[in-house]
Amino acid sequence: MGKIFKDDVSIVLSGEAGQGIQTIEKILTKILKEEGFNVFATKEYMSRIRGGSNSTEIRVGSDTVRTHINKIDLLLPLTKKSVDHLENRIDTETIIIAEKETLNLDNKNLIDIPIFKIANEIGSKIYSNIVAVGFVLSLFGIEKEQLKKHMENYFAKKSKDIIQKNIQAIEKGYDEGKKLYSSEDLKIQIKNNEETKDNLLINGNDAVALGALAGGCDSIFSYPMTPGTGVLLSLANFSQKFDDILVEQAEDEIAAINMAIGGWYAGARSMVTTSGGGFSLMEEGVSLAGMLESPMVIHIAQRPGPATGLPTRTAQEDLNLALYSGHGEFPRIIYAPGNIEDAFFISQKAFNEADKYQVPVFLLTDQYFVDSYYNVKKFNLDNIKIEKYFIKTDKNYKRYKITENGISPRGIPNYGEGIVGVDSDEHDEYGHITEDLDIRIKMMDKRMGKLDLLKENAIMPEIIGSEDFKNLIISWGSNYNSVKEALKKSKIKNTSMLHFTQLYPLNNKVKDLLKKAEKIIVVENNATGQFANLLKLETNINIDNRILKYDGMPFSVEELIKKIEEII
Amino acid sequence: MNETKTFSLDYEDNLDIAWCPGCGNFGILNLLKKTLEEIENLNPENFVLVSGIGQAAKIPHYFKTNFFNGLHGRALPAATAIKATRPDLTVIAESGEGDMYGEGGNHFIHTIRRNINITNIVHDNMIYGLTKGQASPTTQTGMTTPVQVNGVILKPFNPIAVAIATGATFVARGSVTDPKTTTEIIKEAIKHPGYALVDIYQPCVTFNKINTFKWFKDHTYKLDEKYDYTNKEEAIKLALKEDEFPLGIIYKNTERKPFDEQLSIYKNTKEPLYKRQRNLKRIEEFINSKK
Ligand SMILES: Cc1ncc(C[n+]2csc(CCOP(=O)(O)OP(=O)(O)O)c2C)c(N)n1
Ligand code: SF4
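To start, this report covers the structure provided alongside it. All of these numbers come straight from a predicted model, not from anything done at the bench.

## Observations regarding the side chain of A:Ser82
Residues and elements named next belong to chain A. Mapped onto the elements, Ser82 comes out in helix H2 (residues 80–85). There is a polar contact of 2.9 Å between the side chain of Ser82 and the backbone oxygen of Thr79. Excluding residues that lie within four positions of it along the chain, Ser82 makes contacts with Ser14, Gly15, Ser53 and Pro77.

In structure tokens form, the structure reads like this:
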């Protein structure tokens, strides 16, 4: 056949839940990264624990690779069903590596490898995923000895027998691949380098959780809901190392957010993590934070709705929910990180901003974002700080003192001589209930007045490409890397990308930027163009071109190129 | 710093108390004020009164103390987090029975399961006061209201029995008809290391014409000195009696450790979370080990 991949290869491993697809993803990416390759991995899975069709896409590139593409170069299926499931992504170029007889497959690009036979010889078909790993790694020309070392490290905590069997499996798989590699039938010749070896390999979920850790998050209160649960799990994990993090699984989302607000009242930086359905229940609490002027950090990992929708798929459908959540009027900040570094630094910043302005701060991610990962340079924390804003109170302390800029110094109980009262009813400067309508106006003005401050300090969107553009492609959140790669690969001229990390409020200067464009296209994973509508509302600039996708899957680079080219 | 120790009513004279004359809430306010002042080492600075929404829930506004007046039904989650992050504070969560057992019913059960070291005072007037007279979870069967026009057909919720059955470690009933007993109960409840429920009977003179001051007096009795509140079976039996209601500590056990004391954040130090500094260098090392 004589197929050699030089710059970029996309490998998809697929099978049922329970066949160890996630293990393959982990081992393969880890070993490849340690060997100095740039890697990207993302998974798609069904909402079930066994069966179904799950897959993981692993891209390896000479340059960095950071997003999902449709193309599959190598497909390693562990079931026949999973091949049918991926039908739309298999083309005449896709090479399928499988045990032909067992899976009953027929394809002209099929390479017949006895994956299950080998696994069974070793002792059980559970080793078939490791056989597949060995096969793939051989194509990269990695030394067999090296492989053994990686496996020993990876399984270090397991019993001798398990390590031995896994090494046997990986070696047997390796030998099969090596035959093809040596005969130059199938070979991957992507560049690796020393620097990459030292990179971090983390997913969106860890990036948010690590950002929270670096943001001084003292407590997380949450109720599990996919895909928001990951941040709860990560912080629980970190709490074993940093024993100053309180992690509590609340009885429901309503409790969770009320706990987190209680935490801030008491001086502990608190957060919640959830998905749209859980967040719906928290809305009441968001409104409470608005009235109490309590800082709050809310992570929403979006998935398709309405109701429980597609539990394990991706979407950007909850911007409106975050934007309009809670009854009454009060300011808020909405961030949506676009890449791993962003997720870390923005999550860190969220705690300082919440504390500084005493408003709820949202972090909007999505399933695709939290479940994808790639190698990034080590984080440098030199320029970040945990800025705490609560003050020591004096005797006549007033929690809601009317101030010039609308920010009343925030006291906490038993720190200083004052007493601290907060109230969900309209209140006077001491926090006591009032029905005095003049005070009501003063308090509303004080709270709403912060919006101007938030706008002035809002993060400007990032321009990628020339500042001298004719067309603008606008993206937010997890579409960052997909749009970026699409523009890089397409032949479209005079077009730049404008990526928003802060969705609300918008910096006043955004309007001038948008005005410069002749044509604006907004790319979003929802059916109505929620962000496009928000841009229109805030800037009064018409945004007629929208590329929308709402089938529960992220955009692929190819489809973005096609759709953008159609419009421009 | 503690010389200001007085749980006085805030801005004494011109305080506009939003309760009807004769309301049982006054009785609870007065006895609570007295009780708090008598507790050693308790002062308005290291104390937080958390409430929800309702007539009873307005109580923090009539005290000069730290308070968190949150949402209807949500006092317990807020109180839980305040206590969990601040071992230096004494926390009381206080609201009406609609707030605690109705809207907040789920939190009630799970706060008991946590056994967080707070005191939960419930003003039980067997009616919704603030929203003008609808049935509450403890309204008695048969009573007619503007909503339950043909009479309540539900069986009243039994907070005492539910609390004991779900593992509460301190369960008591007080009544404004017996301030002395109620004061003693509250003192014990605050001292109790764990979640303490104090359900207090209180007449609503405007909307509940059946369960009046006299009715509460006639239908309650003080528990005998010899009553053994550590006997769970007896306590349950007593709790299930629904014609005459005992006042006093009905059940108590100190074997279960409170939630807050078991948290890993207090493994090495009791220092409240707000005082701790997270070391960014250590975090940087930790993150950068994630290869
Ligand atoms: C979410 C929500 N639902 C309803 C209300 C309206 N509401 C205010 S107080 C109350 C009932 C109060 O009854 P209870 O807790 O028994 O207190 P009481 O007024 O009798 O002291 C209700 C339903 C509210 N404030 N919030
Ligand atoms: S309505 Fe009832 S509970 Fe409310 S103040 Fe009047 S008497 Fe008291």
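## Concerning the sheet that holds strand S20 (residues 462–464) of chain A
Paired through their backbone hydrogen bonds, the strands of a sheet run either parallel or antiparallel. Residue and element names in this part refer to chain A. Read across the sheet, five strands follow the order S20-S22-S21-S24-S25 without closing on themselves; strand pairing throughout is mixed. At either margin of the open sheet sits one strand with a lone partner, and together these are S20 and strand S25 (545–548). On average, adjacent strands in this sheet sit at an angle of 25 degrees to one another, irrespective of strand direction. Pairing between strand S24 (residues 519–524) and S25: four bridges, direction parallel.

## Section: the site of ligand 2
Neighbouring ligand 2 are the residues B:Trp19, B:Cys20, B:Cys23, B:Asn25, B:Gln55, B:Asn125, B:Gln202, B:Cys204, B:Val205, B:Thr206 and B:Phe207. When the residues that make up the shell around ligand 2 are grouped by side-chain class, the tally is six nonpolar, five polar and no charged.

## Observations regarding the nonpolar core
In this structure, A:Leu235, A:Phe500, A:Phe531 and B:Phe68 are the most contacted members of the largest nonpolar core, which totals 146 residues. Sequence-distant contacts of A:Phe531, defined by excluding residues within four places in its chain, comprise A:Leu319, A:Ile474, A:Trp476, A:Phe500, A:Leu503, A:Leu506 and A:Glu524. By size, the runner-up hydrophobic cluster in this structure holds 63 residues, among which are A:Ile95, A:Ile163, A:Ile188 and A:Leu201.

## A short note on helix H19 (residues 530–539) of chain A
Listing the buried residues of H19(A) in full gives A:Gln530, A:Phe531, A:Ala532, A:Leu534, A:Leu535 and A:Thr539. With its phi angle positive at about 60 degrees, A:Asn540 sits one or two positions after the end of H19(A).

## Focus: the pattern of salt bridges
The full count for this structure, using the stated rule, is 46 salt bridges over all chains. The salt bridge partner of A:Glu426 is A:Arg447, with a shortest N-O separation of 2.8 Å. Linking A:Glu426 in the loop between strand S19 (421–423) and helix H16 (437–456) with A:Arg447 in helix H16, this pair joins segments that are 21 residues apart in sequence. Taken as a pair, A:Glu426 and A:Arg447 share a single burial class, namely buried. B:Glu188 is the salt-bridge partner of B:Lys252, the closest N and O atoms lying 3.9 Å from each other.

## Regarding the site of ligand 1
Taken together, 17 residues lie around ligand 1, and B:Gln55, B:Ala56, B:Gly98, B:Asp99 and B:Gly129 are the ones closest in. Those residues lying near ligand 1 are distributed over chains A and B. Side-chain polar atom of B:Asn125 to an oxygen atom of ligand 1: 3.1 Å apart, as the coordinates give it. Residue B:Gly129 places a main-chain N or O atom 2.9 Å away from an oxygen atom belonging to ligand 1. A total of 590 Å² of accessible area belongs to ligand 1 in isolation, and the protein chains cover 76% of it. Of the residues forming the shell around ligand 1, the biggest block, four residues, is contributed by helix H3 (residues 97–103) of chain B. Here the shell around ligand 1 is built from residues that sort into five nonpolar, eight polar and four charged.

## With respect to the side chain of A:Ser408
Residues and elements named next belong to chain A. Within the element layout of this structure, Ser408 appears in the loop between strand S17 (391–393) and strand S18 (411–416). A relative accessible area of 0% places Ser408 in the buried class. Reaching out from Ser408, the side chain makes a polar contact with the backbone oxygen of Lys401 at a distance of 2.7 Å. A distance of 2.3 Å separates polar atoms of two side chains, one belonging to Ser408 and the other to Lys446. Ser408 has contacts with Gln358, Arg399, Tyr400, Lys401, Thr403 and Lys446, leaving out every residue within four places of it along the chain.

## Some points on the sheet that holds strand S5 (residues 170–175) of chain B
One open sheet holds the nine strands; their spatial order is S19(A)-S2(B)-S1(B)-S3(B)-S4(B)-S6(B)-S5(B)-S8(B)-S7(B), and the pairing between them is mixed. Every interior strand has two partners, whereas the edge strands, S19 of chain A together with strand S7 (220–222) of chain B, have only one. Here the strands of the sheet are splayed against their neighbours by 20 degrees on average, with no regard to which way each runs. Packed onto the sheet, helix H6 (residues 179–191) of chain B meets strand S3 (90–96), strand S4 (119–124), S5, strand S6 (196–201), S7 and strand S8 (245–252) of chain B and runs at close to 155 degrees relative to S5(B). Against the sheet, helix H8 (residues 232–240) of chain B contacts S7 and S8 of chain B, and its axis sits at roughly 150 degrees relative to S8(B).

## Some words on empty space enclosed by the protein
All names here are of chain A. In the structure shown here, the tally under the stated rule is six cavities of 30 Å³ or more. Along its surface, the largest cavity is lined by 16 residues, and Thr42, Lys43, Glu44, His68 and Met553 are the ones closest to its centre. Only strand S3 (38–44), strand S4 (51–61) and helix H15 (367–371) provide two or more residues apiece to the lining of the largest cavity. Taken together, the residues of the lining of the largest cavity sort by class into four nonpolar, seven polar and five charged.

## Brief notes about the interface of chain A and chain B
At the interface, 75 residues of chain A touch 57 residues of chain B. Here chain A and chain B share an interface that buries about 5500 Å² over both sides, 60% of which is from carbon and sulfur atoms. Interface area lost by chain A to chain B is led by A:Glu251, A:Asn414 and A:His432, which between them contribute 13%. Applying the counting rule to chain A against chain B returns five salt bridges. For A:Glu284, the salt bridge is made with B:Arg74, and the minimal N-O distance between the two is 3.0 Å. Scanning the region where chain A abuts chain B turns up 25 residue pairs in polar contact (both at pLDDT 80 or more). The greatest single-element share of the side of chain A that touches chain B, amounting to eight residues, is contributed by helix H11 (residues 253–265) of chain A. Looking at the side of chain A that touches chain B, its residues break down into 37 nonpolar, 17 polar and 21 charged.

## With respect to the layout of surface pockets
Of the pockets and cavities examined, the largest pocket occupies roughly 1500 Å³. Lining the largest pocket are 45 residues, with A:Gln22, A:Lys26, A:Lys43, A:Asn203 and A:Asp206 sitting closest to its centre. Those elements giving two or more residues to the lining of the largest pocket turn out to be strand S2 (8–17), helix H1 (21–34), S3, S4, helix H6 (144–154), strand S9 (200–203), helix H9 (204–214) and helix H10 (229–238) of chain A. No other element matches the seven residues that H1(A) contributes to the lining of the largest pocket. Across the lining of the largest pocket, the residue classes tally to 13 nonpolar, 21 polar and eleven charged. What the second largest pocket holds in volume is close to 540 Å³. Taken together, 23 residues make up the lining of the second largest pocket; nearest its centre are A:Ile433, A:Thr434, A:Glu435, B:Asp16 and B:Ala18. Among the residues making up the lining of the second largest pocket, the classes are represented as ten nonpolar, seven polar and six charged.

Conventions and cut-offs
- Residues numbered from 1 in each chain as written.
- Chains lettered and ligands numbered in written order.
- Predicted model: local features only at pLDDT ≥ 70, side-chain atom pairs only at ≥ 80, totals over all residues.
- Heavy atoms only, no water.
- Helix = DSSP H or I, 4+ residues; strand = E, 2+ residues; numbered from the N terminus.
- Polar contact = N/O pair within 3.5 Å; in protein donor to acceptor, adjacent residues only side chain to side chain.
- Contact = heavy atoms within 4.5 Å.
- Pairing = 2+ DSSP bridges.
- Axes fitted to C-alpha atoms, helices over the stretch in contact; angles between N-to-C directions.
- Near = heavy atom within 4 Å.
- Nonpolar A, V, L, I, M, F, W, Y, C, P; charged D, E, K, R; others polar.
- Core = buried A, V, L, I, M, F, W, Y, C linked by side-chain atoms within 4.5 Å.
- Buried < 20%, exposed > 50% of the residue type's maximum accessible area, 1.4 Å probe, protein only.
- Salt bridge = Lys/Arg side-chain N within 4 Å of Asp/Glu carboxyl O.
- Areas by Shrake-Rupley, 256 points an atom, 1.4 Å probe, with all protein chains shown as cover.
- 1 Å grid on protein atoms, 1.4 Å probe; cavity = no way out; pocket = protein on both sides within 12 Å on 5 of 7 lines; lining within 4 Å.
- Points joined across faces, edges and corners; volume = space filled by probe spheres on them.
- Buried area = accessible area lost by both parts, 1.4 Å probe.

As far as function goes, none of this settles anything; it's purely spatial.
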